[in-house]
Amino acid sequence: MINVAIFLSIIGTLAAVLLSFFAYKFHKFAKSEKLLKQFKKTRTYTIALQTFGSEEKVESWLRTNNLALGQTPLEAVETPSGQREIEKILIAINFGGAV
């Protein structure tokens, strides 16, 4: 039979790991929502709307990992160089060019 102290230690460790995981996910979600709100005020967002035609499609694209960026566009938007790269990708999508 398992020692009660060991069992409780395992349960405590699992609870701590799960709590840490969900705290990380919540922090990442909150950060992405803040970035999205800021991004909606940029020229790049206007280009994205013209490219995809709706806010829902833009947000879906922004949250999807992009091979050319090596991250999601929403993560890349944090820097001016990331915004320029996003604009290049959007122009390539609009006009069928290469990035």
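Residues numbered from 1 in each chain as written. Predicted model: local features only at pLDDT ≥ 70, side-chain atom pairs only at ≥ 80, totals over all residues. Heavy atoms only, no water.

**Q** Is there a simple way to explain the nonpolar core in this structure?
**A** Most often, soluble globular proteins keep nonpolar side chains buried together rather than apart. In this structure, Trp61, Leu62, Leu74, Val77, Ile86 and Leu90 are the most contacted members of the largest nonpolar core, which totals 16 residues. Those elements that provide at least two residues to this core are α1 (4–39), α2 (43–52), α3 (55–62), α4 (73–76) and α5 (80–95). Those residues within four positions of Leu90 in sequence are excluded, and the remaining contacts are Thr44, Ile47, Ala48, Thr51, Phe52 and Trp61. (Core = buried A, V, L, I, M, F, W, Y, C linked by side-chain atoms within 4.5 Å. Buried < 20%, exposed > 50% of the residue type's maximum accessible area, 1.4 Å probe, protein only. Helix = DSSP H or I, 4+ residues; strand = E, 2+ residues; numbered from the N terminus. Contact = heavy atoms within 4.5 Å.)

**Q** Any chance you could explain the side chain of Glu87 here in plain terms?
**A** Note on placement: Glu87 falls in helix α5. Beyond its immediate chain neighbours, meaning those up to four positions away, Glu87 contacts Arg43, Thr44 and Ile47.

**Q** Quick question: what am I supposed to make of the packing of α2 against α3 here?
**A** Pairs of packed helices are described in terms of their axes, by the angle between the two and the distance that separates them. Where α2 meets α3, the axes come as close as 8 Å, and the angle between the chain directions of the two elements is 110°. With respect to α3, the axis of α2 lies roughly perpendicular. The element α2 and its partner α3 pack so that their crossing is right-handed. Here Tyr45, Ala48, Leu49 and Phe52 of α2 lie close against α3, whose contacting residues are Glu55, Lys57, Val58 and Trp61. (Axes fitted to C-alpha atoms, helices over the stretch in contact; angles between N-to-C directions. Parallel < 35°, antiparallel > 145°, perpendicular 65-115°, else oblique. Left-handed = near helix turned anticlockwise from the far one by under 90°.)

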